[in-house]
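# Secondary and tertiary structure notes
The chain contents come next:
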Amino acid sequence: MVSNLADNQYGQVNSVKIADNIDGLVIEHQHCNAKVSLHGGQVLSWQPKGQQPVFWLSKSAKYQSDKAIRGGVPLCWPWFGAHHNDLENQAGNHGFARQQSWKIDNIDISEGFVTVVLSWQGDKMHRLFPISCQLKQTLVFGKDFNQNLEMVNLSADDVEYTTALHSYFQVSHPQNVKIKQLTTLDFEDKLTGKFNKAEAFVNGVGPVDRIYHNDKEQPSMRIVDDGWQRVIEITSQNTTQWVFWNPGEEVANNMTDIHNNGEQEFVCMEPANTQPQVLLAHSSKVISQKIAVY
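Predicted, not measured: the structure shown is a model, and the values here were computed from it. (Residues numbered from 1 in each chain as written. Predicted model: local features only at pLDDT ≥ 70, side-chain atom pairs only at ≥ 80, totals over all residues. Heavy atoms only, no water.)

## Here's the deal with the sheet that holds strand β2 (residues 11–19)
The strand order β1-β2-β3-β4-β5 describes an open sheet built from 5 strands, whose pairing is antiparallel. Two strands bound the open sheet, and with one partner strand each, they are β1 (3–8) and β5 (42–48). Neighbour-to-neighbour, the strand axes of the sheet open up by a mean angle of 15°, direction not taken into account. (Pairing = 2+ DSSP bridges. Helix = DSSP H or I, 4+ residues; strand = E, 2+ residues; numbered from the N terminus. Axes fitted to C-alpha atoms, helices over the stretch in contact; angles between N-to-C directions.)

## Notes on the packing of aromatic side chains
One pass over the structure, following the stated rule, counts 17 aromatic pairs. Centroid distance Phe 96 to Phe 129: 6.1 Å. Interplanar angle 65°. Geometry classified as edge-to-face. In this pair, Phe 96 is assigned in the loop between β6 (75–76) and β7 (103–109) and Phe 129 in the loop between β8 (113–123) and β9 (132–142), connecting sequence segments 33 residues apart. Taken as a pair, Phe 96 and Phe 129 share a single burial class, namely buried. Taken together, the ring pairs connect Trp 46, Phe 55, Phe 141, Phe 145 and Phe 169 into an aromatic cluster. (Phe/Tyr/Trp six-rings, centres within 6.5 Å; stacked < 30°, edge-to-face > 60°. Buried < 20%, exposed > 50% of the residue type's maximum accessible area, 1.4 Å probe, protein only.)

## What about the pattern of salt bridges?
One pass over the structure, following the stated rule, counts 9 salt bridges. Notably, a salt bridge pairs Lys 103 with Asp 105, separated by 2.6 Å at the nearest N-O pair. The exposure class of Asp 105 is partly exposed, given its relative accessible area of 31%. Measuring nitrogen to oxygen at the nearest pair gives 3.3 Å for the salt bridge that ties Glu 233 to Arg 222. With Glu 233 in strand β18 (residues 230–237) and Arg 222 in strand β17 (residues 220–225), this pair connects stretches of sequence that are 11 residues apart. (Salt bridge = Lys/Arg side-chain N within 4 Å of Asp/Glu carboxyl O.)

## A look at the pairing of strand β16 (residues 208–213)
Of all the 6 residues making up β16, 6 are buried; the element is thus mostly covered by neighbouring parts of the structure. Burial along β16 is two-sided: the face carrying Val 208, Arg 210 and Tyr 212 and the face carrying Asp 209, Ile 211 and His 213 are both buried. Where strand β14 (residues 187–189) meets β16, 3 bridges bridge the pair, whose relative direction is antiparallel. Each residue of the ladder has a partner; that of Asp 189, found in β16, is Arg 210.

## Some details on the layout of surface pockets
Taken as a whole, the largest pocket encloses approximately 510 Å³ of empty space. Residue lining of the largest pocket: 22 residues in total, with Arg 70, Asn 93, His 94, Arg 98 and His 166 positioned closest to the centre. Looking at the lining of the largest pocket residue by residue, the class counts come to 7 nonpolar, 6 polar and 9 charged. (1 Å grid on protein atoms, 1.4 Å probe; cavity = no way out; pocket = protein on both sides within 12 Å on 5 of 7 lines; lining within 4 Å. Points joined across faces, edges and corners; volume = space filled by probe spheres on them. Nonpolar A, V, L, I, M, F, W, Y, C, P; charged D, E, K, R; others polar.)

## Some remarks on unusual backbone geometry
Omega for the bond connecting Trp 77 with Pro 78 falls within 30 degrees of zero, at 5°, which places this linkage in the cis form. Take Pro 78: it is sitting in the loop between β6 and β7. That bond from Gly 206 to Pro 207 is cis: its omega, 10°, falls within 30 degrees of zero. Tracing the chain through its elements places Pro 207 in the loop between β15 (194–196) and β16. In this model, Lys 124 sits at a positive phi of 50°, which is unusual for a non-glycine residue. You can call Lys 124 exposed: its relative accessible area is 59%. Backbone geometry places Gln 229, a non-glycine residue, at a positive phi of 55°. Its location among the elements puts Gln 229 in the loop between β17 and β18.

## Re the nonpolar core
The biggest cluster of nonpolar side chains holds 60 residues, and the ones touching the most others in it are Trp 46, Trp 77, Phe 141, Ile 223 and Met 269. Not counting chain neighbours up to four residues away, the residues in contact with Ile 223 comprise Phe 169, Val 171, Val 177, Lys 178, Ile 179, Arg 230, Val 231, Ile 232, Ile 234, Val 267 and Met 269. Ala 252, Met 255, Phe 266 and Cys 268 belong to the second-largest nonpolar core, a separate cluster that totals 8 residues. (Core = buried A, V, L, I, M, F, W, Y, C linked by side-chain atoms within 4.5 Å. Contact = heavy atoms within 4.5 Å.)

## Considering the environment of Asn 153
Among the secondary structure elements, Asn 153 is positioned in strand β10 (residues 145–153). Classification of Asn 153 by relative accessible area gives buried; the value is 2%. Along the sequence, Asn 153 and Leu 135 sit 18 residues apart, while their C-alpha atoms lie 9.0 Å from each other. The residues touching Asn 153, leaving out its near neighbours within four places in the chain, are Ile 131, Ser 132, Asp 158, Val 159, Leu 279, Leu 280, Ala 281, His 282 and Ser 283.

Dropping the structure here:
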């Protein structure tokens, strides 16, 4: 079932069923098409007119209330990877925001873009995050894409968190990918458990799982795709790491929500805060990313 939520001469936003228990938004605008899942508050696709899709979405993605959807931009919050106080990872990776139902606060369609504001609020969601909190996303779709995530502590207690905007970028092939800016940054190799000094970035072929530390002031990354002759530029604010990931063939073949050879179609480049941050009582913080394609 499709119902119209907003429309004018520049575009329209419709409410759709992505799966039996998951609602979403389909955005059609003079400058782009996009899709958003209210499960997880997750951007699933964005395609500026005249471009290949920018975000990759698995054809085998699972649309279930207890799982994140494989692809697009899942949120990692209030922890990235395993929680830093959960050494045996009993709580699982990447927190609970990606498994919550979000609500629509506002939709605005202008000549240049479509703005969608989503929010979620919860109280004592997990023993590792026992506070009342709120998240708000402002998503702006046009020739460029902007994602703003505001994290609000509604309680009288400080709390620690980590986070990432886990973007899956569709590429011609990971072997065609170059990211010059990564060659200047030291990184943690999550596959070996070692910390490495900066070295040349050859291509995006997996398996690769690295956390690059942004202490040399690299707020922007440019994914140069020689196969499609395009550049995806990601500019972040208020994040101190970049996470780069591709599972490689062997790992991907054991992941039921990545379609056959899907790992040959994407790389993940994620602005992140992978070290514990403090969200003070009755305060808020914002992280964001802007993505341009040329």
